Amino acid sequence: MKGAAFAALLLGATTLTACANNRDDVIAPAPPMGPGALAGTVAADRDGDGIVDGYYTPDGAYVPFQAPPCPTPPPPPPPPTPRGERG
């Protein structure tokens, strides 16, 4: 009787070992970063308008985006000359 119980236990252990999953789980790679993204930062929309206003660095500091200065407007056109067709 002891031999049969031992054989059943050995057969069960062998069956469970054959079903064990020994391979590592596949982890999906991180999605590609979009244009203008900074690695290791988190985008921040502080005023809630849906436009990213800055970003948070890994240490938690907020850094606002700064736009380049606006170009100067072109000079006004010259005034009309007094010459020309007279009626």
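Below is a short write-up of the structure. Since this is a predicted model, take the numbers as computed values, not measurements.

Criteria and cut-off values
Residues numbered from 1 in each chain as written. Predicted model: local features only at pLDDT ≥ 70, side-chain atom pairs only at ≥ 80, totals over all residues. Heavy atoms only, no water. Phe/Tyr/Trp six-rings, centres within 6.5 Å; stacked < 30°, edge-to-face > 60°. Helix = DSSP H or I, 4+ residues; strand = E, 2+ residues; numbered from the N terminus. Buried < 20%, exposed > 50% of the residue type's maximum accessible area, 1.4 Å probe, protein only. Lys NZ or Arg CZ within 6 Å of the ring centre and 35° of its normal. Pairing = 2+ DSSP bridges. Axes fitted to C-alpha atoms, helices over the stretch in contact; angles between N-to-C directions.

Tallied over the entire structure, the rule returns two aromatic pairs. For the pair Tyr55 and Phe65, a centre-to-centre distance of 5.8 Å together with 45° between the ring planes defines the contact as tilted. One end of the pair, Tyr55, is in strand 2 (residues 54-56); the other, Phe65, is in the segment after strand 3 (62-64), and 10 residues separate them in sequence. Taken together, a centroid distance of 5.4 Å and an interplanar angle of 55° make the contact between Tyr56 and Tyr62 tilted. The class of Tyr62 is partly exposed, set by a relative accessible area of 23%. For Arg46, the ring lying beneath its charged end belongs to Tyr62, and the centroid distance is 3.9 Å.

Across the sheet, three strands lie side by side as 1-2-3; this open sheet has antiparallel pairing. The open sheet is flanked by strand 1 (42-44) and strand 3, the only strands paired with a single partner. Taken over all neighbouring pairs, the strand axes of this sheet differ in orientation by 30° on average, direction set aside. The pairing of strand 2 with strand 3 spans three bridges and is antiparallel. Within the sheet, the bridge partner assigned to Tyr56 lies in strand 3 and is Tyr62.

These figures come from the coordinates and say nothing about function on their own.
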